[in-house]
Amino acid sequence: AAAPAAAESGTTTTTATSPVPRLKSVELHVKARSKQYLGGPERTEVPDDKVHWAVVWLEYSPVEYCAGVVAAQPVWADNPALLASISFNSVDGKINRVSFEGTYELEPDTHRPINPKGRTGMRERGLLGRFGPNHAADPIVTRFVRDSQGAVLLDAQGDPRIEFLAVKRKDNGEWAIPGGMVDAGETVSVTLKREFSEETMDALNASEEEKKRIEASIGHLFAHGVNLYSGYVDDPRNTDNAWMETVVFLFHDADGSSAAKFCLHAGDDAAQVKWTEITPDIALYASHTAFVGAAKAYITQQYRAAN
């Protein structure tokens, strides 16, 4: 088996002056058990004490659901008729089927992968294209909140106030990090730049000249990043047989010379884009609240060390 997507990122990781506060993988998924599935049926309810597969639950009867857009078999979706020929737990052609959570098991009768985090109340793939891990990349772009003179503003604890670029998703209206799926054969570094430019600068509808300007504006900032997390995402699209995993990179504009000057224009899957302050009560899509919390902790740690 080849290395997971993070090892293929191609993104330079910044050498930190103090340890990076890496997030641990979720122990008990919650959003992956949301009662109402996005655009689909209700899930079978799974109580907290029945989530893990090690707990015997003979009466477990999850609903089976594959969204029509997935059943139509677009290029990004697996063909269920070919399940037996798929090389799970490895890089299958150009498709990375390795999980950050380690080797996952397969159902002996269907050859479908088994969600390593436990029951979700739904079988098949729902809205996800791949059986097993569906890899994404999420760039967190941040800057300090400054006054009119350019000085960094501090909160009540004396720590710097920090903003990140957030997008409002078109599919569910929730605010999130501007990330997306890693295409087959694509490196994480390419995905990070592509998704960020498409969702925050509407690169898909930009002219060639505008695309060059966008690439130049994010090139320097995205050359150096800090890997905050690589693993399972507690995503409402997850099922017993398909789940989201992501690589999260932080790109901080410490001196306000790059990200702070971006020309923002929502595009692709984003309805809106704006700078949003990271506060204790912030609520975001899937596991994104934890991701931006880790970003704030890291930046604060670096700030304290330098000041």
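For the structure, check the block above.
Counting restarts for each chain, with residues numbered from 1 along the sequence as it is written. Totals for whole chains, interfaces and linings use every residue, but because this is a predicted model, local features are given only for residues with pLDDT of at least 70 and side-chain atom pairs only at 80 or more, for both listing and counting. The side-chain figures draw on all heavy atoms in the structure; neither hydrogens nor water molecules are used.

Q: Help me understand the overall build of the protein in this model?
A: Numbering goes from the N terminus for both helices and strands, where a helix is a DSSP run of H or I of at least four residues and a strand is a run of E of at least two. Looking only at helices and strands, the protein has 4 helices and 12 strands in total. By residue count, 50% of the 307 residues in the protein fall in the buried class. In this analysis, two residues are considered to be in contact whenever any of their non-hydrogen atoms come within 4.5 Å of each other. Across the protein, every contact between residues at least 6 apart in sequence was considered, and the portion connecting residues at least 24 apart equals 72%. A total accessible area of about 14200 Å² is found for the protein, and carbon and sulfur atoms account for 52% of it. Three exposure classes are used, based on accessible area relative to the maximum for each residue type with a 1.4 Å probe and protein chains only: buried under 20%, partly exposed in between, and exposed over 50%. Areas reported here follow the Shrake-Rupley algorithm with a probe of radius 1.4 Å; residue values treat only the protein chains shown as occluding.

Q: Where do I start with the pairing of strand β7 (residues 162–169) in this structure?
A: Most of β7 sits out of view: 7 of its 8 residues are buried. We call two strands paired when DSSP finds no fewer than two bridges between them. Summarising the sheet, strand β6 (residues 132–144) and β7 pair through 3 bridges and their orientation is antiparallel. Each bridged residue has a counterpart across the sheet, and for Thr 142 the counterpart in β7 is Phe 164. The pairing of β7 with strand β8 (residues 175–176) spans 2 bridges and is antiparallel. Each residue of the ladder has a partner; that of Val 167, found in β8, is Ala 176. Between the end of β7 and the start of β8, which pair antiparallel, lie 5 residues, with Gly 173 showing a positive phi angle near 75°.

Q: Would you take a moment to explain the nonpolar core for this structure?
A: Note on soluble globular proteins: their nonpolar side chains tend to be buried together. One finds Ile 140, Phe 164, Leu 228, Leu 250, Phe 291 and Val 292 to be the most contacted residues of the largest nonpolar core, which totals 37 residues. Taken together, the elements giving at least two residues each to this core come down to β6, β7, β10 (224–232), β11 (242–253) and α4 (288–306). Sequence-distant contacts of Ile 140, that is, excluding residues within four places in its chain, are made with Phe 164, Ile 177, Leu 228, Val 248, Phe 249, Leu 250, Phe 251, Phe 291, Val 292 and Ala 295. The criterion is simple. A nonpolar core is a set of buried Ala, Val, Leu, Ile, Met, Phe, Trp, Tyr and Cys residues joined through side-chain atoms within 4.5 Å. Counting residues in each nonpolar core, the second largest holds 17 residues, with Val 167, Val 188, Leu 221 and Val 247 among its members.

Q: Any chance you could explain the pattern of salt bridges here in plain terms?
A: Side-chain pairing between opposite charges can occur once the charged atoms of the two side chains come close. Salt bridge, as used here, is a side-chain nitrogen of Lys or Arg placed within 4 Å of a carboxyl oxygen of Asp or Glu. Taken as a whole and judged by the stated rule, the model has 13 salt bridges. Of the charged contacts in the structure, one is a salt bridge between Asp 159 and Arg 304, with a shortest N-O distance of 2.7 Å. Here Arg 304 lies in helix α4 and Asp 159 lies in the loop between β6 and β7, a separation of 145 residues in the sequence.

Q: I would appreciate a short explanation of α4 in the present structure.
A: Because each turn of an α-helix spans 3.6 residues, side chains separated by three or four positions in sequence point in the same direction. Here, expected helix span is obtained from the residue count minus one, scaled by 1.5 Å. In this model α4 runs 27 Å from its N-terminal to its C-terminal C-alpha over 19 residues, within 8% of the 27 Å that 1.5 Å per residue would give. Residues of α4 that are buried include every one of His 288, Phe 291, Val 292, Ala 294, Ala 295, Tyr 298, Ile 299, Thr 300, Gln 302 and Tyr 303, and no others. Turning to α4, the residues buried within the fold contact β6, β7, β8, β10 and β11.

Q: Would you mind going over unusual backbone geometry with me for this structure?
A: For residues other than glycine, phi is negative in most cases, and the peptide bonds are mostly trans. Phi angles above zero are rare outside glycine, and Asn 89 is one such case at about 60°. Mapping Asn 89 onto the fold places it in the loop between α1 (68–71) and β3 (91–92).

Q: For this particular structure, what's the right way to read the side chain of Thr 300?
A: Position of Thr 300 relative to the elements: it lies in helix α4. Here Thr 300 falls in the buried class, since its relative accessible area comes to 7%. Every residue in contact with Thr 300, bar those within four places of it in the chain, is listed here: Asp 159, Pro 160 and Ile 162.

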